[in-house]
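The residues making up each chain are set out below.
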Amino acid sequence: MIKRLTLLWAFLIFMENNKGQIISIGGGGFGRNPNKPTIEEYIVNQSNTSKPNILFIPTASAEDKGYTVNFYKAFGQFNTSLSVLNFFQRTPRLDSLINKQDIIYVGGGNTKSMIAVWKEWKLDKLLHKAYSRGAVLCGVSAGAICWFEKGITDSWASNLNIMDCLSLLPGTCCPHYDSEADRRPIVHKLIENDTISDCYASEDGSAIHFDNGQLKATISFYKDSKSYLIKKTNNKIVEDELSSIDIS
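Predicted model, so just to flag it, every value in this text is computed and none were measured. (Residues numbered from 1 in each chain as written. Predicted model: local features only at pLDDT ≥ 70, side-chain atom pairs only at ≥ 80, totals over all residues. Heavy atoms only, no water.)

Undergrad: Where do I start with the packing of aromatic side chains in this structure?
TA: Two descriptors summarise a pair of aromatic rings, namely the distance from one centre to the other and the angle between the planes of the rings. With the rule as written, the count across this model stands at 17 aromatic pairs. On the numbers, 5.4 Å between centres and 90° between planes, the contact of Tyr200 with Phe210 is edge-to-face. Placement of the pair is Tyr200 in strand β9 (residues 198-202) and Phe210 in strand β10 (residues 206-211), with a sequence separation of 10 residues. Grouped by ring-pair contacts, the aromatic residues Phe30, Phe56, Tyr67, Phe71, Tyr72, Phe75 and Tyr105 constitute a single cluster. (Phe/Tyr/Trp six-rings, centres within 6.5 Å; stacked < 30°, edge-to-face > 60°. Helix = DSSP H or I, 4+ residues; strand = E, 2+ residues; numbered from the N terminus.)

Undergrad: Whenever I open this one, the sheet that holds strand β1 (residues 21-25) confuses me. Can you help?
TA: Sheet strands pair by backbone hydrogen bonding; their relative direction is either parallel or antiparallel. Spatial strand order, β3-β2-β4-β5-β1-β10-β11-β14: eight strands in an open sheet with mixed pairing. Of all the strands in the sheet, the pair left with one neighbour each is β3 (81-84) and β14 (244-246). For this sheet, the mean inter-axis angle between neighbouring strands, taken without regard to orientation, is 20°. Against the sheet, helix α2 (residues 38-45) contacts β1, β2 (53-57), β4 (103-106), β5 (136-140), β10 and β11 (214-220), and its axis sits at roughly 175° relative to β1. (Pairing = 2+ DSSP bridges. Axes fitted to C-alpha atoms, helices over the stretch in contact; angles between N-to-C directions. Contact = heavy atoms within 4.5 Å.)

Undergrad: Help me understand the pairing of β11 in this model?
TA: The side chains of a regular strand alternate, residue by residue, between the two faces of the sheet. With six bridges connecting them, β10 and β11 associate as antiparallel partners. Residue Ile208 lies in a different strand from β11, and its bridge partner there is Thr218. What sits between the antiparallel neighbours β10 and β11 is a turn of two residues, in which Asn212 has the positive phi angle 55°. One ladder, built from three bridges, connects β11 with β14; its direction is parallel. Residue Thr218 lies in a different strand from β14, and its bridge partner there is Ser244.

Undergrad: How should I be thinking about helix α8 (residues 183-192) in this particular structure?
TA: Structurally, the α-helix is built with 3.6 residues per turn, so residues lying three or four positions apart point the same way. Within the span of α8, buried status applies to Arg183, Val187, Leu190 and Ile191. On an axial view of α8, the arc spanned by its buried residues comes to 95°, and they lie on one face. The elements touched by buried residues of α8 are β6 (148-153), β7 (161-164), β8 (169-174), β9, β12 (227-233) and β13 (236-241). Among the residues trailing α8, Asp194 stands out with phi positive, at a value near 65°. (Buried < 20%, exposed > 50% of the residue type's maximum accessible area, 1.4 Å probe, protein only. Arc of directions from axis to C-beta.)

Below, the structure is given as structure tokens:
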């Protein structure tokens, strides 16, 4: 009995520490140009499967059909098995669908509405389980920030806001750091006011790759695109540029 309990305890510790990968994309990718799947190829290569199952979740864009077509165009250029999760048609059995995915890609759009739908269907809990078993979770914009504790979002038409997300990764994330003029001042203000302690921020064409909860690499798939860790040091806002791998 003691031996069985010891083995069970060891297994539970392993499962707690055995986490997957998260690739947070600041902007760009197949939504804009499905014919040049640069970051998509990088994502496919992170799977330890020769023919990974990849699921696209376009909830944030209200399941835009053109976005889904672009997903198939981009990832279909590689040796993959592709599927899409739609909530506004007849929804499949989620546990069996999520459990067989090697890579899960979340599209951009309205983060607040997306997470509200997910929680109603309990998809948030299934994504936590997928991460714990080692799946590659990734996405752009809404699909970039949803994995963090908090994200900077334009889900409200009037202004940018900070909102609670899934908390698979600690801290806060902001996409589109160079392409939307109000992003940088809002991030600086939130840190200056101690609303948040720091923030990962990615320009369009840049992605931050986490492995087992730790920063692994920053990927530049547009020329000179950058990601930062922004924080306050000696009462000054400091933007630490993260060293990147150029795959553009």
